[in-house]
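# Architecture at a glance
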Amino acid sequence: MNTPRTHSSKAAAAGLPGARDPFGAHLRHWRTHRRLSQLDLAQEAEVSTRHLSYVETGRAAPSREMVLRLAERLDVPLRERNALLVAAGFAPMYRQRSLDDPAMASARRAIDLVLKGHEPFPALAVDRHWNLVAHNALVPLLMEGCSAELLKPPINVLRLSLHPDGVAPRIANLAQWRTHLLERLQQQIASTGDTVLQALHDELEGYPPPAVSHDAPLLDTALSAVAVPFQVVMPSGVLSFISTITIFGTPVDVTLQELAVESFFPADEQTAAALTALAAAQQQARG
């Protein structure tokens, strides 16, 4: 039986700084991750290269202001900014609470309003690891026929999309959509350095692409030029979507920064009509 590794052991295996590593190790990781020299970062943060070198090697202790300034210049996610502050001997600055926390009630209401307001088209909210947080009434229709195992919480929407027992066999443009999702995930990994996302990427990349032979309708050239379509086979035919992702612009909470809402829009009139009919049938079934 394999023993699960802790987060710190994962970090160590990946060469990332852990919770007990000094501030300089965290700073060096993010500087090299962003491919900046000490001179580049010093100029960005308006500090001397010598002082930055001293901070990175532990010969000088940074002020709280400097920690935050360096984190800003390095575009460090809020979760990791807290780690930088703690490593430098300061208290975390950014709160981290579950969406079920009473203090997050207003944020949760806002998310639910966005999702509900997008009906009769699908929309969902995911956390930083692409686990499903919330969805509107249309999303379960896209999940029909998926393995019960994949639908056990937490539902990872990327795994559900590309797994052979998930939505993948019904995706008409699977090769194109798979490439798009893996590229999007790789960009997120490059930005965050998240080892959990890297493990997810490796898992998804290892799935054998199912043999599909659906005839996907051609999309409007203008739409295809700006977005990768998601084309899924439903009983009513092939539905074609383009999607947008919305994030909170100026979050002060770790959970909100890591939350994303993906909204799917019909890419053709047939899809719009089919979704309107499905939503009406749902409403009628609910009485």
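Just so we're clear, the structure is a prediction, and the values are computed from it rather than from any experiment.

### A short note on helix 14 (residues 269-285)
Given a rise of 1.5 Å per residue, 17 residues ought to cover 24 Å, and the 24 Å separating the end C-alpha atoms of helix 14 matches this to within 8%. Residues of helix 14 that are buried: Thr271, Ala274, Leu275, Ala279 and Gln282. For helix 14, the angular spread of the buried residues around the axis is 135°, confining them to a single face. Structural note: helix 14 exposes Glu269 and Gln284 on the side pointing more than 90 degrees away from its buried face. Buried residues along helix 14 sit against helix 8 (139-143), strand 4 (237-247) and strand 5 (260-266).

### Considering the packing of aromatic side chains
Tallied over the full model, the rule gives four aromatic pairs. Centroid distance phenylalanine 230 to phenylalanine 264: 5.8 Å. Interplanar angle 50°. Geometry classified as tilted. One end of the pair, phenylalanine 230, is in strand 3 (residues 230-234); the other, phenylalanine 264, is in strand 5, and 34 residues separate them in sequence. A connected cluster of aromatic rings, assembled from ring pairs, spans Trp177, Phe230, Phe241 and Phe264.

### Digging into the pairing of strand 1 (residues 123-126)
With burial as the criterion, each face of strand 1 is covered, one bearing Ala123 and Ala125 and the other bearing Leu124 and Val126. Two strands pair when backbone bridges link them, and strand 1 and strand 5 are joined in this way by four bridges, in the antiparallel orientation. Note on strand 5: the bridge partner recorded for valine 126 is alanine 260. Counting the residues that bridge the hairpin from strand 1 to strand 2 (residues 132-135) gives five residues, and of these tryptophan 130 lies at a positive phi of roughly 70°.

### Brief notes about helix 4 (residues 49-57)
By the burial criterion, the buried members of helix 4 are Leu52, Val55 and Glu56. Burial along helix 4 is one-sided: seen end-on, the buried residues are contained in an arc of 95°. Residues of helix 4 that are exposed and point more than 90 degrees away from the buried face comprise Arg50 and Thr57. Those residues of helix 4 that are buried lie in contact with helix 2 (23-33), helix 3 (38-45) and helix 5 (64-73). Note on helix 4: the residue one or two positions beyond its end, glycine 58, has a positive phi of about 90°.

### As for the packing of helix 2 against helix 6 (residues 78-87)
Running from N to C, helix 2 and helix 6 point in directions that differ by 145°, and their axes come no closer than 8 Å. Every pair of crossing elements has a handedness; the one defined by helix 2 and helix 6 is left-handed. Note on element contacts: helix 6 touches helix 2 through Glu80, Ala83, Leu84 and Ala87, opposite Phe23, His26, Leu27 and Trp30. Of the residues assigned to the contact of helix 2 with helix 6, the class counts are six nonpolar, one polar and one charged.

### Re unusual backbone geometry
Of note, the amide linkage connecting glutamate 119 to proline 120 takes the cis form, showing an omega dihedral of 20°. Mapped onto the elements, proline 120 comes out in the loop between helix 7 (105-117) and strand 1. Here proline 153 and proline 154 are connected by a cis peptide whose omega angle stands at -5°. Topologically, proline 154 is positioned in the loop between helix 8 and helix 9 (157-162).

Conventions and cut-offs
- Residues numbered from 1 in each chain as written.
- Predicted model: local features only at pLDDT ≥ 70, side-chain atom pairs only at ≥ 80, totals over all residues.
- Heavy atoms only, no water.
- Helix = DSSP H or I, 4+ residues; strand = E, 2+ residues; numbered from the N terminus.
- Expected span 1.5 Å × (residues − 1).
- Buried < 20%, exposed > 50% of the residue type's maximum accessible area, 1.4 Å probe, protein only.
- Arc of directions from axis to C-beta.
- Contact = heavy atoms within 4.5 Å.
- Phe/Tyr/Trp six-rings, centres within 6.5 Å; stacked < 30°, edge-to-face > 60°.
- Pairing = 2+ DSSP bridges.
- Axes fitted to C-alpha atoms, helices over the stretch in contact; angles between N-to-C directions.
- Left-handed = near helix turned anticlockwise from the far one by under 90°.
- Nonpolar A, V, L, I, M, F, W, Y, C, P; charged D, E, K, R; others polar.

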